[in-house]
Amino acid sequence: GSARSSATCSLASSRDSSTCTVPYRVVMLGGSGVGKSSLVQQFMTSEYLHAYDLSLDDECGEKSVCVLLDGEESELTFVDLPASDTTPVNEGQPEPHAYCVVYSQSDLSSFRKAEDELQRLWTSGCVGSKAVILVANKTDLVRSRTVTAEEGKAAATSYDCKFIETSVAINHNVDELLVGILTQIRLKLQDPER
Ligand code: GDP
Ligand code: MG
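Residues numbered from 1 in each chain as written. Chains lettered and ligands numbered in written order. Predicted model: local features only at pLDDT ≥ 70, side-chain atom pairs only at ≥ 80, totals over all residues.

The name recorded for the protein chain in an unreviewed UniProt entry is GTP-binding protein REM 1, from Megalurothrips usitatus.

Structure representation (structure tokens):
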């Protein structure tokens, strides 16, 4: 329930003023069916990062988690819009700190869509100041792979963002992605041109 979540969070913030006060917002982008919601769901239970779910029950498309990395707790709020064909509207919302652009390596059209999203982020000047990570999900589907890791890496390199291959189905690199998102956010906050 919400009462328990906020109590947990204020407890954390009373230990150290920098924890769980300003949540980092991470916007999930990409085609439908690529595994965005599955990834976020998996992040909520990361034992590796001692994650605990801070989400309120009825929040539409937003999930919050508190994680511990390098001795420091951070709250991450994942914005996972159900109809991701539309560009997320930021009006009235705090600026995102990170974008996670997801495609399925067994779905070429989802890769093209991810490239379009990267292009859009690049054009809007987001890539320099924010964490942007290109995620090739569903690596377990080896036989139906239609996008190679090299193509994914090349796209990430050309838009100056990070690249990772994941599989929610076999829990491959999901913790690593969560670590990568938080690490990139912290680096960009220290040095936006990095
Ligand atoms: P979204 O539309 O991007 O939010 O995609 P979902 O998270 O709803 O996932 C769409 C479907 O893909 C679901 O049936 C998931 O179980 C499945 N899925 C998600 N990740 C993986 C994965 O890594 N491997 C496989 N084989 N299936 C996955
Ligand atoms: Mg979804």
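*Asks:* Give me the lowdown on helix H3 (residues 108-123), citing residues and values where you can.
*Replies:* Relative to the 22 Å expected for 16 residues at 1.5 Å per residue, H3 spans 23 Å between its end C-alpha atoms, a close match to the ideal helical length. Restricting attention to buried positions, one finds in H3 the residues Ser110, Phe111, Lys113, Ala114, Glu117 and Leu118. Within H3, the buried residues cover an arc of 160 degrees as seen down the axis, which keeps them to one side. With respect to the buried face of H3, the exposed residues turned more than 90 degrees away are Ser109 and Thr123. Taken together, the buried residues of H3 touch strand E1 (24-30), strand E5 (98-104), strand E6 (131-137) and helix H5 (149-158). In the stretch just after H3, Gly125 is the one whose phi turns positive, near 80 degrees. (Helix = DSSP H or I, 4+ residues; strand = E, 2+ residues; numbered from the N terminus. Expected span 1.5 Å × (residues − 1). Buried ≥ 20, exposed ≤ 12 C-beta atoms within 10 Å, placed from the backbone. Arc of directions from axis to C-beta. Contact = placed C-beta atoms within 7 Å.)

*Asks:* How would you explain the site of ligand 1 if you had to name every residue and give the values?
*Replies:* Gly35, Lys36, Ser37, Ser38 and Ala169 are the nearest of the 14 residues found near ligand 1. Of the residues that constitute the shell around ligand 1, the class distribution is four nonpolar, seven polar and three charged. (Near = placed C-beta within 6 Å. Nonpolar A, V, L, I, M, F, W, Y, C, P; charged D, E, K, R; others polar.)

*Asks:* Quick one: what's the story with the environment of Tyr48, residue by residue and with numbers?
*Replies:* Relative to the elements of secondary structure, Tyr48 occurs in the loop between helix H2 (36-43) and strand E2 (52-53). A residue is classified by how many C-beta atoms lie within 10 Å of it, and Tyr48, with 13 of them, is partly exposed. For the pair Tyr48 and Arg145, spaced 97 residues apart in the sequence, the C-alpha separation amounts to 29 Å.

*Asks:* Please set out the confidence of the model for the protein chain residue by residue, giving values where relevant.
*Replies:* Counting all residues, the mean pLDDT for the protein chain is 85, and 81% of those residues have values of 70 or more. Scored below 50 in pLDDT, residues 1-19 makes 16 contacts in the model with residues more than four places away or belonging to other chains. Across the interfaces of the predicted complex, the ipTM metric reaches 0.99, alongside a pTM of 0.87. (pLDDT = per-residue confidence, 0-100.)

*Asks:* Can you break down the environment of Ser167 residue by residue, with the values?
*Replies:* In this structure, Ser167 sits in the loop between strand E7 (162-165) and helix H6 (174-190). Between the C-alpha atom of Ser167 and that of Leu29, which follows or precedes it by 138 residues, the distance is 17 Å. Each residue touching Ser167, except ones within four places of it in the same chain, is listed here: Asn137, Lys138, Thr139, Asp140 and His172.

*Asks:* Explain the sheet that holds E2 to me, and be specific about the residues and the numbers.
*Replies:* If you walk across this open sheet you meet the seven strands as E2-E3-E4-E1-E5-E6-E7, and the pairing is mixed. Of all the strands in the sheet, just E2 and E7 have a single pairing partner and so form its edges. As paired elements, strand E3 (residues 62-69) and strand E4 (residues 72-79) share eight bridges and run antiparallel to each other. When the sheet's bridge partners are listed, Ser64 is paired in E4 with Thr77. Together, E1, E3, E4, E5 and E6 form the strand contacts of H2, whose direction differs from that of E1 by roughly 150 degrees. Those strands touched by H6 are E1, E3, E4, E5, E6 and E7, and its axis lies near 165 degrees from that of E6. (Pairing = 2+ DSSP bridges. Axes fitted to C-alpha atoms, helices over the stretch in contact; angles between N-to-C directions.)

*Asks:* An account of the environment of Glu150 is requested, with residue identities and associated values reported.
*Replies:* Secondary-structure assignment places Glu150 in helix H5. Counting along the chain gives 35 residues from Glu150 to Glu115, while the straight-line C-alpha distance between them is 14 Å.

*Asks:* I'd like a description of the pairing of E1, backed by residues and values.
*Replies:* Along E1, seven of the seven residues are buried, which leaves the element largely enclosed by surrounding structure. Of the two faces of E1, both are covered, the one formed by Tyr24, Val26, Met28 and Gly30 as well as the one formed by Arg25, Val27 and Leu29. Alignment of E1 against E4, held across four bridges, turns out to be parallel. Within E4, the residue paired with Val27 across the bridge is Val79.

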